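Residue strings, one per chain:
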Amino acid sequence: MKTRTNIVALATALLVAGCATQAPGFNYTVPAQPEGASGYTEKPGWATRKFAVAAANPLATDAGYQILKAGGSAIDAAIAVQMVLALVEPQSSGIGGGAFLLHYNGKDVEAFDGRETAPAAADEKLFLLPDGKPMAFYDGVVGGRSVGVPGAVRMLEMAHRQYGKLPWSTLFQPAITLAEGGFKVSARLNTLVTADAHLKKDPVAAAYFFKSDGAPRDVGVSLRNPAFAEVLRKIAAEGSRGLHEGEVAQAIVAKVQGHPTNPGKMTLADLANYQPKKRVPICHDYKASGHDYRICGMPPPSSGAIAVGQILGILNNTNAATLPLADGVASPAGKVPSAEWLHLYTEAARLAFADRAQYLGDPDFVQPPSGNWMSLLDPGYLAQRARMIGAQSMRLARPGTPGATQVSYAPMPDQPEYGTSHISIVDDAGNAIAMTTTIEDQFGARQMVGKAGVSGGFLLNNELTDFSFAPTDAEGKPVANRVQPGKRPRSSMAPTLVFDKGSGQLVMSGGSPGGALIIHYTAKTLYGTLNWGMNAQQAINLPNFGSNNGPTLLEERRFPSATAEALRARGHEVREQNMTSGLQAIQKTPSGYFGGADPRREGVVLGD
Ligand code: GLU
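Residues numbered from 1 in each chain as written. Predicted model: local features only at pLDDT ≥ 70, side-chain atom pairs only at ≥ 80, totals over all residues. Heavy atoms only, no water.

**Q** So, the overall build of the protein: which residues are in play, and what are the values?
**A** Scanning the protein from terminus to terminus reveals 18 helices and 23 strands. Taken over C-alpha atoms, the radius of gyration comes to 23 Å for the protein, in line with the 25 Å a tight globule of 608 residues would show. Taking the principal axes of its C-alpha atoms as reference, the protein extends roughly 65 × 60 × 45 Å. Taking all 608 residues of the protein together, 64% fall into the buried category. Pairs at least 24 residues apart make up 74% of the contacts formed inside the protein by residues separated by at least 6 positions. Surface exposure of the protein reaches about 20,900 Å², of which carbon and sulfur atoms provide 53%. One finds the centroid of the 55 positive side-chain charges in the protein at a distance of 1 Å from the centroid of its 52 negative side-chain charges. (Helix = DSSP H or I, 4+ residues; strand = E, 2+ residues; numbered from the N terminus. Rg over C-alpha atoms; globule rule 2.2 N^0.38 Å. Buried < 20%, exposed > 50% of the residue type's maximum accessible area, 1.4 Å probe, protein only. Contact = heavy atoms within 4.5 Å. Areas by Shrake-Rupley, 256 points an atom, 1.4 Å probe, with all protein chains shown as cover. Lys, Arg positive; Asp, Glu negative; His and termini not counted. Charge placed at Lys NZ, Arg CZ, Asp CG, Glu CD.)

The structure is reproduced here in structure tokens:
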């Protein structure tokens with residue numbers, strides 16, 4: 001088996017060498033592919049000395065590791081990881097989706113925005129029925145209607161022009177090799193294919209993800225994706241134009257516009273004109289355990305960094321930091337946050353989510369309150385918000401009025417979101433990235449772009465369902481995050497880089513999938529490491545919790561029953577449910593780095 005995969009790797013490497021520049025010293029080796037488990041699998045945490053890469057799938061992590069080992073930069077490794085994720089974790093992210101990337105170059109933090117855009121022909125009626133009412137969520141998701149113009153590849157190209165060390169084409173070798181030689185279907189991929197009601201309706205996806213008898217492909221079988229390999233070869237050779245123009249672009253448009261029941265409006269011009277953007281990151285000070293940190297995250301169109309920053313900032317105006325952890329249920333929970341702390345956290349979260357619904361949207365279309373997004377993180381404003389927290393739950397928080405100038409949007413109702421993948425990398429020069437990448441829902445719009453007579457392809461996102469389906473409230477007041485042509489939908493993704501405020505040194509890179517719950521998963525990991533002194537793995541392992549300004553959510557079977565009872569006594573409507581985060585984080589340590597990966601998913605960390 002080992003010999004065969006090596007031969008496949010060698011043959012493919014030679015093929016790649018024929019049409020793409022080989023980086024000296026880089027020859028991708030297909031690793032052994034153990035079968036991952038789904039559910040909750042304890043992870044050890046990984047210490048490294050010089051560099052580290054953390055991603056949601058072992059093959060993706062390994063591709064990043066091999067690139068770093070060959071002298072690649074953190075950006076180079078991120079590109080290789082993303083391409084392999086698109087193949088082995090297609091339910092979460094890929095070339096048909098979008099991403100946000102924070103990069104630290106040893107001096108400055110830059111934010112790269114590869115968020116999808118609404119086609120030029122889309123308008124605020126996109127998700128409305130003829131009677132003017134919003135359609136059911138999945139009626140919007142499945143088909144061409146929800147597909148935004150993809151941005152991940154163009155964004156990575158932009159970052160690579162600035163920070164790439166290895167040739168662009170080299171970074172596609174791992175994914176091309178695995179797509180042509182085959183990769184083992186993971187337990188998680190199998191589980192999600194089995195559970196999905198919509199994937200089978202797309203003939204290309206049906207032929208790829210299911211056997212001829214209609215059952216999902218089994219865990220551990222080798223799956224090849226030659227159609228995807230062809231597209232990767234084009235992008236490797238031509239850059240993002242290989243995706244945004246020419247025959248691949250034509251295939252995307254045909255898929256979106258040609259959907260039999262739910263077509264979309266994307267055109268070739270939308271694809272050709274897509275522009276990634278560099279934005280100023282949101283950075284704010286944070287004090288924990290007497291130490292001053294600076295936390296940087298993605299600005300709008302993501303709501304992630306602002307909401308995480310608001311929650312942490314509001315908590316710092318309460319006595320949360322003085323509260324001890326409580327006893328958890330049996331291992332692996334260990335110590336868990338106490339009911340009193342959870343009360344403060346979820347109240348802070350309610351306040352943050354009320355502002356998020358009111359104010360957050362694409363900054364190219366939406367005015368920030370008082371002309372500046374930082375008004376939402378103003379220490380005086382957060383102190384004022386914290387004063388609204390009492391002994392009993394407020395249950396439903398109202399948005400505040402940060403700064404002097406009011407903006408008048410209607411709040412956006414809560415909508416479901418799932419999927420996504422997070423990558424953290426530090427290279428041996430100390431450059432770091434935090435990148436969260438998504439096709440929105442699991443398997444996105446359930447539309448696979450293929451090629452006649454060739455098996456496989458790649459999935460298109462449903463990112464436009466991150467817009468508010470309803471463009472206005474009942475009085476006709478517009479929602480900030482309504483659909484408009486060329487606009488980016490509001491996100492919750494929160495790739496985060498933490499620094500020591502005094503020295504400016506990197507402290508941590510991290511982030512998570514999980515829709516709006518990303519905000520809580522990320523805040524939990526920051527609190528666990530910075531306030532409770534946990535290592536990244538321990539903080540990730542902590543049970544999940546949160547509130548999106550509705551019920552108080554607790555990860556099921558992870559808290560003692562007394563926790564829910566104590567919260568109910570304070571007026572919380574408690575729901576215990578599955579909360580599958582997919583956190584990855586890398587911390588700087590005195591001897592190098594320490595990485596953690598979420599026990600709820602298949603991620604691992606590698607490094608030297
Ligand atoms: N589309 C979501 C966002 O950008 C992420 C979806 C998820 O993580 O499941 O916020």
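**Q** Lay out the side chain of D427 with the relevant residues and their values.
**A** Checked against the element boundaries, D427 lands in the loop between strand 12 (421-426) and strand 13 (432-438). One buried charged side chain, D427, makes no salt bridge at all; its nearest oppositely charged neighbour is K165, positioned 6.1 Å away. Of the polar contacts made by the side chain of D427, one reaches the backbone nitrogen of A429; its length is 3.0 Å. D427 has contacts with K50, F51, L68, G72, S73, A74 and Y593, leaving out every residue within four places of it along the chain. (Salt bridge = Lys/Arg side-chain N within 4 Å of Asp/Glu carboxyl O. Polar contact = N/O pair within 3.5 Å; in protein donor to acceptor, adjacent residues only side chain to side chain.)

**Q** For the packing of helix 6 (residues 173-181) against helix 9 (residues 226-238), give the residues involved together with the corresponding values.
**A** The relative placement of two packed helices is expressed as an angle between their axes plus a distance between the axes. One way to put it is that helix 6 packs onto helix 9 with a least axis distance of 8 Å and a crossing angle of 155°. Of the possible angle classes, the one that applies to helix 6 and helix 9 is roughly antiparallel. Relative to helix 9, the crossing made by helix 6 is left-handed. Each of A175, I176, A179 and E180 in helix 6 lies in contact with helix 9, whose residues at this interface are P226, A229, L232 and R233. (Axes fitted to C-alpha atoms, helices over the stretch in contact; angles between N-to-C directions. Parallel < 35°, antiparallel > 145°, perpendicular 65-115°, else oblique. Left-handed = near helix turned anticlockwise from the far one by under 90°.)

**Q** So, the nonpolar core: which residues are in play, and what are the values?
**A** Core analysis: the largest hydrophobic core is formed by 93 residues, its most contacted members being L315, W341, L497 and L530. Element by element, the count of residues in this core is highest for helix 14 (residues 339-359), at 12 residues. Not counting the four nearest positions on each side in its chain, L530 is found in contact with Y286, A288, S289, Y293, I295, V498 and V507. Membership of the second largest hydrophobic core comes to 83 residues, among which are F26, Y28, A60 and W168. (Core = buried A, V, L, I, M, F, W, Y, C linked by side-chain atoms within 4.5 Å.)

**Q** How would you summarise the pattern of salt bridges if you had to cite specific residues and measurements?
**A** Applying the stated criterion across every chain yields a total of 31 salt bridges. A salt bridge links R233 to E180, with the nearest nitrogen and oxygen atoms 3.1 Å apart. Placement of R233 in helix 9 and of E180 in helix 6 is noted, with a sequence separation of 53 residues between them. Note that D364 is salt-bridged to K277, the shortest N-O span being 2.7 Å. Taken together, the residues D364 in the loop between helix 14 and helix 15 (379-386) and K277 in strand 7 (residues 277-279) connect sequence positions 87 residues apart. Overall, D364 belongs to the partly exposed group, its relative accessible area being 41%. Classification of K277 as partly exposed rests on a relative accessible area of 29%. What emerges from the salt-bridge pattern is a single network uniting D113, K277, R279, D364 and R488.

**Q** Please provide a residue-by-residue account of the packing of helix 14 against helix 16 (residues 518-531), values included.
**A** At a minimum axis distance of 12 Å, the contact between helix 14 and helix 16 shows a crossing angle of 135°. Regarding the angle of helix 14 to helix 16, the classification is oblique. Seen from above, helix 14 lies across helix 16 with right-handed handedness. Across the interface between the two elements, W341, Y345, A349, F353 and R356 of helix 14 pack against I519, H520, A523 and Y527 of helix 16. Grouping the constituent residues of the contact of helix 14 with helix 16 by class yields seven nonpolar, one polar and one charged. (Nonpolar A, V, L, I, M, F, W, Y, C, P; charged D, E, K, R; others polar.)

**Q** Provide a residue-level description of the sheet that holds strand 4 (residues 109-114), including the pertinent values.
**A** Taken together, seven strands build an open sheet; the order of strands is 7-4-3-13-12-2-23 and the sheet is antiparallel. If you trace the sheet from one side to the other, it starts and ends with strand 7 and strand 23 (604-606), each paired once. Neighbour-to-neighbour, the strand axes of the sheet open up by a mean angle of 15°, direction not taken into account. As judged from the six bridges shared by strand 3 (residues 98-104) and strand 4, these two strands associate in the antiparallel manner. What sits directly across from L102, in strand 4, is A111. Contacting strand 2 (52-55), strand 3, strand 12 and strand 13, helix 3 (residues 74-88) runs over the sheet at an angle of about 150° to strand 12. Sitting on the sheet, helix 5 (residues 152-163) touches strand 3, strand 4, strand 7 and strand 13, and the angle it makes with strand 4 is about 150°. (Pairing = 2+ DSSP bridges.)

Everything listed here is a matter of geometry and, on its own, says nothing about what the molecule does.
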